[in-house]
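Here's the letter readout for the chains.
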Amino acid sequence: MKGKMVTDRLRRFAAAAAEPERLALRWITHSRHLPAPARRLAMWRLAEMPKATCPFALRMRCTVTGRGRAVVPEFAVSRHVFREMGLKGQIEGVQ
């Protein structure tokens, strides 16, 4: 397994583990019914969270090669692997 794939997997685990806390903090920051100091504190705590826990920092990678560009999202493989698998008949419905 390539290093980028390991890093991506670790980031996905970190993002999944921190998701409930991030959602709660985002709800607090967007709530207009709460006082401003509470919202600012929530914004501060959200900004202090590690970057790896942010779901927007994740990048779609090929599950076979680890390539980060030209990934076909339905199959989670890069275009090169998709073409090879399609030509070999390993993907149903693709010729």
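Going by the structure above, here's the rest.
Keep in mind it's a predicted model, so treat the numbers as computed, not measured.

The rules we used
Residues numbered from 1 in each chain as written. Predicted model: local features only at pLDDT ≥ 70, side-chain atom pairs only at ≥ 80, totals over all residues. Heavy atoms only, no water. Helix = DSSP H or I, 4+ residues; strand = E, 2+ residues; numbered from the N terminus. Rg over C-alpha atoms; globule rule 2.2 N^0.38 Å. Buried < 20%, exposed > 50% of the residue type's maximum accessible area, 1.4 Å probe, protein only. Contact = heavy atoms within 4.5 Å. Areas by Shrake-Rupley, 256 points an atom, 1.4 Å probe, with all protein chains shown as cover. Lys, Arg positive; Asp, Glu negative; His and termini not counted. Charge placed at Lys NZ, Arg CZ, Asp CG, Glu CD. Salt bridge = Lys/Arg side-chain N within 4 Å of Asp/Glu carboxyl O. Patch = residues over 30% accessible without salt bridge, like charges linked within 9 Å, V, L, I, M, F, W, Y side chains within 5 Å.

## Some words on the overall build of the protein
Consideration 1: Broken down by element type, the protein carries three helices and two strands.
Consideration 2: Along the chain direction, N to C, the helices and strands of the protein fall in the order α-α-β-β-α.
Consideration 3: Computed over C-alpha atoms, the radius of gyration of the protein comes to 19 Å, more than 25% over the 12 Å expected from 2.2 N^0.38 for 95 residues, which places it beyond the range of a compact globule.
Consideration 4: Based on the C-alpha atoms only, the size of the protein along its principal axes is roughly 60 × 30 × 20 Å.
Consideration 5: By residue count, 27% of the 95 residues in the protein fall in the buried class.
Consideration 6: If you take every contact in the protein between residues at least 6 apart in sequence, the share linking residues at least 24 apart comes to 36%.
Consideration 7: Here the protein displays about 7,400 Å² of accessible surface, and carbon together with sulfur accounts for 58% of that area.
Consideration 8: Computed over 19 positive and 7 negative side-chain charges, the inter-centroid distance for the protein is 8 Å.

## A look at the side chain of arginine 39
Consideration 1: Its place among the elements puts arginine 39 in helix α2 (residues 36-48).
Consideration 2: This buried residue, arginine 39, is left without a salt bridge; glutamate 21 holds the nearest opposite charge, at 17 Å.
Consideration 3: Residues contacting arginine 39, with those up to four places away along its chain left out, are Ile28, Thr29, Ser31, Arg32 and Leu34.

## As for the pattern of salt bridges
Any two side chains of opposite charge can pair, so long as their charged atoms come close to each other.
Consideration 1: For the coordinates displayed, the defined rule picks out two salt bridges.
Consideration 2: A salt bridge links arginine 12 to aspartate 8; its shortest N-O distance comes to 3.1 Å. With arginine 12 and aspartate 8 both in helix α1 (residues 3-30) and four residues apart, this pair spans about one turn of that helix.
Consideration 3: We classify arginine 12 as partly exposed; its relative accessible area is 34%.
Consideration 4: A salt bridge links glutamate 21 to arginine 45; its shortest N-O distance comes to 3.2 Å. On the criterion of sequence distance, the pair formed by glutamate 21 in helix α1 and arginine 45 in helix α2 is long-range, its members being 24 residues apart.

## Points about a positive patch on the surface
Consideration 1: A cluster of basic residues, Arg59, Arg67, Arg69 and Arg79, forms a positive patch at the surface.
Consideration 2: Mapped onto the elements of the fold, arginine 59 is located in the loop between α2 and β1 (71-72).

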